[in-house]
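Breakdown of the fold
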Amino acid sequence: MGFPIDSKVLGLREVIKVNEGEGYNIPIYQRPYSWEEKNIKDFLASIFDAFKEVNAEKCKANVKPVFFGTIQLDHNKDDNTLDIVDGQQRLTTFLLFLDLLQRNEIHPKEYIDCSKVIKSEKLKEVLKDDNIKNTSLKYYENRKLLNKEVEHFEKEFKDKNEFYTELKNFVLDNVYFVQLITEEMDLSEVVSVFNTINTTGLDLNATDIFKVRYYNYLRGIDKTKDWLEEINLCYKSIDDSNEKLGKDGRTDQTKFDMGWVLDIYKHIICAEFGWGFSEVSKSNQKFFDELFKGTGLTEQSDLSVLEFDTFKHIVDGFIDYWRWIENVRFNGEHPEIAKEIFSIYLVEKTRYKRYWTIPFVVAYFRAKAEGKGWSNYYIDSLRVNMYMFRFFLIYTVVNDRVINYVQNKVCYECFTWFKECSTDKIIENIGKELFLPVIDKKHKTWRKFCGIIESGLFDNGSRVHLVCTLTALIDEVNKGVKESDIYEKFFNYEMIKDPYDIEHIEARNNFKNDKDNVDEFNGIGNLTVLERSINRGIKDKPVGDKTEEYKKSKYAAVGIFIHKFEDKYKDKWDIECVRKRRKEEIKKIKSFMKGELDFCIREESLVVWYR
């Protein structure tokens, strides 16, 4: 057998030419059509720039080809079709684009049936539909966007009566690809070719690669099952969950993908096998690629975590748990965990955001150990997560980078606790092993933490945003604000119409020359969250003049500031006012840091116990 890869350069007209009964397949391991607006605009920019050049007088005789990368196909001998390994997103977009051009031609001379090129019922439905439906389906969204952009571009060529025909012919005759066709290769070898050739603009991502690697692993154990179909149903369950969003006008729910599950699965596997940060720190693609190709599994006596039933259980468990969090947050069903429900988002604001997975990992291991469902441990695992956030908070504030001490504590000690201990014991261990070194007033870490918050907090953007968000969230919860409203104010990034800034109560320009106190004016005593629109409107006004604008704020922290300190700054908001407010804010943070752990000093030593 010769080299099993055939390559050649083909124009778009040749690429999309199919005979009766033929066509391209989208293999089961490929994710759906998913190009975003930026991808569409970049795609059109390449075409429009070249089309404008060829229409310039000096260039008419010398048309330059427009290269659109590699299309990798795999020959399926069973039905003599070609699976699209790489190029699905580009090829689909070209079909939507050509269909649009043909619909607008005045005197069409050639018709190409784009619906026959790729065997996809959803794409066929869109191409056969004369109307652009109001739907979230990507095919429709991008068809509508293509139409809008082409109409805008057409205005530059008002003199062309046959604009759409000329543009269509230009694309068909001047767009080229390098086509690669593999044959008689194992699926993993096909993907290996893809990984070797492609360095940018990948159509496959880590979740696609995982699907192939996991399929090969399961097939090596049991060849009697259609594992690719089984795995694909797990991916479909995520898509099905996403498609149900937005009912009853809700805007607080999140679309997620398999990448979220793989983050959790990786951490569960590392905990089961006792693997540390060197493995946890790897990207999902690298971790699972090496996991299933390497020799590490031969050292494990129990591989049940890699069984398909376990993987499916984790997928289903994550979907149910995440939607539960959103529903509890929306309905306010558990006010006793009003802070804890936001712990995932708070962890993501720290330097240790990779550990957003912790509540799901804890729920998995607690359910496994006690033979119950994840739902029995939702609340407990969120409490654990909030304690872990406190640990991450300390070291995010104290250090300007991620440090190995924290990573190793999580990967070696905490993962072991999650796997082996009850929820109460996990929280007790966190208090004894993680908190004692940092909460003790004599310990340099705790002193440094308080010192940074008190003075110079604003000098680091991510640090000041984390601390001020936390204190403002505590104010919201203590005031009894609904969890759904808190989420809309702080964490619904897609829908926040007026995001918040960190406001200097005494404007920076008003104290910049006070060299003795400038750091304290940049500390927590002089900082609060405030709507960006209000913040930019008041600029450098004296504090007394800001009051009326502050009263328009929706944030509890601003209302509390006015209530507690309005009388104190009638004359001037000076350094003594800042220090008084700083004392209040530090007291609030210390109270939060203690949580449900009781602390006291006995014989000049800090003692902690779990209440």
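Described below are features of the structure shown in this document. (Residues numbered from 1 in each chain as written. Predicted model: local features only at pLDDT ≥ 70, side-chain atom pairs only at ≥ 80, totals over all residues. Heavy atoms only, no water.)

Quick look at the overall build of the protein
- Tallying secondary structure elements over the protein gives 27 helices and nine strands in all.
- With 611 residues in all, the protein has 54% of them scored as buried.
- When contacts within the protein are restricted to residue pairs at least 6 apart in sequence, those whose partners lie at least 24 apart make up 72%. (Helix = DSSP H or I, 4+ residues; strand = E, 2+ residues; numbered from the N terminus. Buried < 20%, exposed > 50% of the residue type's maximum accessible area, 1.4 Å probe, protein only. Contact = heavy atoms within 4.5 Å.)

Brief notes about the pairing of strand β4 (residues 81-86)
- Counting buried positions over the six residues of β4 gives five, a clear majority of the element.
- Bridge count between strand β2 (residues 24-25) and β4: two bridges; the pairing is parallel. When the bridges of β4 are listed, N25 appears paired with D83.
- The sheet contact formed by strand β3 (residues 66-76) and β4 spans five bridges and is antiparallel. Paired with H75 across the strands is L82, a residue of β4. (Pairing = 2+ DSSP bridges.)

Notes on the pattern of salt bridges
- Throughout the structure, instances matching the rule amount to 37 salt bridges.
- Residue E548 pairs with K551 through a salt bridge whose shortest N-O separation is 3.5 Å.
- Taken together, the salt bridges that share partners define one network made up of E520, E576, R579 and R582. (Salt bridge = Lys/Arg side-chain N within 4 Å of Asp/Glu carboxyl O.)

What about the side chain of T528?
- Relative to the helices and strands, T528 is located in strand β7 (residues 527-531).
- Look past the residues within four positions of T528 in its chain and what remains in contact with it is D501, I502, E503, I505, A557, V558 and R581.

Details of the packing of aromatic side chains
- Counting across every chain of the model gives 72 aromatic pairs.
- Their ring planes at 75° and their centres at 4.8 Å tell us that F210 and F288 sit as a pair that is edge-to-face. Note that F210 is positioned in helix α8 (residues 206-221) and F288 in helix α12 (residues 284-293), a separation of 78 residues in sequence.
- Between F287 and F288 the ring centres are 5.0 Å apart and the planes differ by 90°, which places this aromatic pair in the edge-to-face class.
- Here F288 falls in the buried class, since its relative accessible area comes to 1%.
- The side chain of R250 reaches across the aromatic face of F330, ending 4.1 Å from its centre.
- Above the plane of the ring of Y387 lies R390, whose end atom (NZ or CZ) is 4.6 Å from the centre. (Phe/Tyr/Trp six-rings, centres within 6.5 Å; stacked < 30°, edge-to-face > 60°. Lys NZ or Arg CZ within 6 Å of the ring centre and 35° of its normal.)

Thoughts on the packing of helix α15 (residues 358-370) against helix α17 (residues 404-420)
- As a packed pair, α15 and α17 sit with axes 7 Å apart at the nearest point and diverge in direction by 40°. Residues I358, V361, V362, F365 and R366 of α15 form the contact with α17, whose participating residues are F418, K419 and E420.
- A class-by-class count of the residues in the contact of α15 with α17 yields five nonpolar, no polar and three charged. (Axes fitted to C-alpha atoms, helices over the stretch in contact; angles between N-to-C directions. Nonpolar A, V, L, I, M, F, W, Y, C, P; charged D, E, K, R; others polar.)

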